[in-house]
Amino acid sequence: MSDVDLSDEEHEKCREAGEILAQVRDEAAERVEVGVSHLEIAQWAEERTRELGGEPAFPVNISIDEEAAHATPSIDEETTFGEEMVNLDIGVHVDGWLADTAVTVDLSDNPDLAEAPEAALEAALELVEAGVSTGEIGARIEEVIDDYGYNPVVNLTGHGLAHWEQHTPPNIPNRAVSQSVELEAGDVVAIEPFATDGSGKVGEGNEAEIFALENERSVRNRDAREALDQITEEFRTLPFATRWLDVDRPEMALRRLERQNVVHSYPVLKESAGNLVSQKEHTIIVTEDGCEVTTQR
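Residues numbered from 1 in each chain as written. Predicted model: local features only at pLDDT ≥ 70, side-chain atom pairs only at ≥ 80, totals over all residues. Heavy atoms only, no water.

*Asks:* How do you make sense of the UniProt feature "binding site: a divalent metal cation 2" (unreviewed entry) in the chain when you look at a structure like this?
*Replies:* Using the residue numbers shown here, the UniProt feature "binding site: a divalent metal cation 2" (unreviewed entry) corresponds to Asp100, His159, Glu192 and Glu281. The annotated residues occupy 182 residues of the chain but converge on a single region, no pair of C-alpha atoms lying more than 10.7 Å apart. Inspection of the secondary structure puts Asp100 in strand E4 (residues 97-106). The topology assignment puts Glu281 in the loop between strand E15 (277-279) and strand E16 (282-287). For Glu281, the residues in contact, after removing those within four places along its chain, are Asp89, Asp100, Thr101, Ala102, Leu121, His159, Ala190, Ile191 and Glu192. (UniProt positions renumbered as here; feature names shortened; annotations may be inferred. Helix = DSSP H or I, 4+ residues; strand = E, 2+ residues; numbered from the N terminus. Contact = heavy atoms within 4.5 Å.)

Right, here's the structure in full:
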């Protein structure tokens, strides 16, 4: 295998993003308590990211119970935490180089379900090195979650991270698969096991507060045009929240942009049977003989 320079600017900025993100994740998780508002946590974490020298790579995802991903509060959100299973999924970038992490805060008294994806992730990280196949990683994740008596969420995967791109190859499955690829030294990937006491699949709900640029083109409506200007300048190809837009009637502006295929939405993903979902995620840099976890303090 060829030598890879892991001290280059790309990997150094990935490390910087991961260091910021690990601190934000831990501090945000400590603030999740019954009665605290979702919006307060999301805005705090996003602002804390900026204070520490990074930028949010995507809106803070706060997924409750059967929700698995893509749930973030609206600007007028008043929802507070109850005795629920809470998943925080947070991303940070430094000059477009990303880190992605997630943790379950269990307020629902289901400690084994909360622990299962964490144990699966630890087992997966022990396997990682240049040359290991993504299928082997998925099989190990599935084995551990199965040993806990739960199912992995099979239609959600880990993923590569690239410059200004949150999801790139390779996909890291959460189950054994017949087709896979080998990891290479220098790969930056997020491994994120999901566990559930349900069917093991998620589907799209009706709500969407997260969007991303799809095609940059001219638009006639003033609000939509102002929104597009902000999107291309600030967020580029990264996901953003409706509440981040500094325009009048942002919901209407986004509907116009979506109809013109300028942006696409990320509907909330929910466990198909309505059962609980837990999650754990780290970003790593693959090395010849292991990996470096950038989002671990």
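*Asks:* Even after reading the chapter, I still don't get the domain arrangement of the chain, so can you show me in this structure?
*Replies:* In terms of domains, the chain is made up of domain 1 (8-206 + 268-293) and domain 2 (210-266). Of the roughly 1300 Å² buried between domain 1 and domain 2, counting both surfaces, carbon and sulfur atoms make up 63%. When the area that domain 1 buries against domain 2 is broken down by residue, the three leading residues are Pro59, His70 and Trp164, summing to 46%. Linking domain 1 with domain 2 are one salt bridge. With a closest N to O distance of 2.8 Å, Glu46 and Arg243 form a salt bridge. Taken together, the connections running from domain 1 to domain 2 amount to five residue pairs in polar contact (both at pLDDT 80 or more). It is strand E1 (residues 55-64) that provides the largest number of residues to the side of domain 1 that touches domain 2, a total of six residues. Among the residues making up the side of domain 1 that touches domain 2, the classes are represented as twelve nonpolar, seven polar and two charged. (Domains from an automatic or database assignment. Buried area = accessible area lost by both parts, 1.4 Å probe. Salt bridge = Lys/Arg side-chain N within 4 Å of Asp/Glu carboxyl O. Polar contact = N/O pair within 3.5 Å; in protein donor to acceptor, adjacent residues only side chain to side chain. Nonpolar A, V, L, I, M, F, W, Y, C, P; charged D, E, K, R; others polar.)

*Asks:* For this particular structure, what's the right way to read the environment of Cys14?
*Replies:* Its place among the elements puts Cys14 in helix H1 (residues 9-31). Residues Cys14 and Asn171, 157 residues apart in the sequence, show an inter-C-alpha distance of 19 Å. Discounting chain neighbours no more than four positions away, the residues touching Cys14 are Trp97, Leu98, Ala99, Val188 and Thr294.

*Asks:* It is not clear to me how the pairing of strand E6 (residues 158-162) should be interpreted in this structure. Could you clarify?
*Replies:* On a regular strand, each side chain points to the face opposite its neighbour's, so the side chains alternate between the two faces of the sheet. Most of E6 is tucked away: four of the five residues are buried. Pairing between E6 and strand E7 (residues 165-172): three bridges, direction antiparallel. Note on E7: the bridge partner recorded for Gly158 is Ile172. Taking the residues between adjacent antiparallel strands as the criterion, E6 and E7 are bridged by two residues, where Trp164 takes a positive phi near 65°. Judged from the two bridges that link them, E6 and strand E8 (residues 188-191) form a sheet pairing that is antiparallel. From the neighbouring strand, His159 faces E8, where its bridge partner is Ala190. (Buried < 20%, exposed > 50% of the residue type's maximum accessible area, 1.4 Å probe, protein only. Pairing = 2+ DSSP bridges.)

*Asks:* Where do I start with unusual backbone geometry in this structure?
*Replies:* Comment: phi is negative for the bulk of residues other than glycine, and the bulk of peptide bonds are trans. Residue Pro169 is joined to Pro170 through a cis peptide bond whose omega torsion reads 5°. One non-glycine residue with positive phi stands out, namely Asp95, at about 55°. Positionally, Asp95 belongs in the loop between strand E3 (85-94) and E4. Its relative accessible area of 45% is what places Asp95 among the partly exposed residues.

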